[in-house]
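Here is what each chain is made of, one letter per residue.
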Amino acid sequence: MSAPTPPSARLAQSPAVLREGRWWLVGEAGAVPVADLSFTTVLNGFAEAVAASDRAVADLRARPSEPSASSTQGRR
């Protein structure tokens, strides 16, 4: 089950924006809805991958600091 998406969310630093469950390509001249099912599928997969990587980074940052293996070598 995926997390609820905000009403509008830009995909990384791309012109792709998810608005109320529909992908749009946004530029200076305006916005165009994405109508191609294959492209929508790719955008959904990429959005899921970005969200998973964001969660993994957040989990790593939330862990307490551990000394690295290299900093403890040679000490007894």
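Basis of the calculations
Residues numbered from 1 in each chain as written. Predicted model: local features only at pLDDT ≥ 70, side-chain atom pairs only at ≥ 80, totals over all residues. Heavy atoms only, no water. Pairing = 2+ DSSP bridges. Helix = DSSP H or I, 4+ residues; strand = E, 2+ residues; numbered from the N terminus. Axes fitted to C-alpha atoms, helices over the stretch in contact; angles between N-to-C directions. Contact = heavy atoms within 4.5 Å.

A. How the structure looks around the pairing of strand 4 (residues 30-33). As paired elements, strand 3 (residues 22-27) and strand 4 share four bridges and run antiparallel to each other. Its bridge partner lying in strand 4, V26 is registered against A31. Joining the antiparallel neighbours strand 3 and strand 4 is a turn of two residues.

B. Inspection of the sheet that holds strand 2 (residues 16-19) at higher detail. As summarised here, the arrangement of the four strands in space is 1-2-3-4, forming an open sheet in which the pairing is antiparallel. Two strands close off the open sheet at either side, each with one partner strand: strand 1 (8-10) and strand 4. Averaged over all neighbouring strand pairs, the angle between strand axes comes to 30°, with direction disregarded. Examined bridge by bridge, strand 2 and strand 3 share four bridges and lie antiparallel to one another. Bridge pairing in strand 3 links A16 to L25. Packing of helix 1 (residues 37-62) onto the sheet brings it into contact with strand 2 and strand 3, and relative to strand 3 it is tilted by some 90°.

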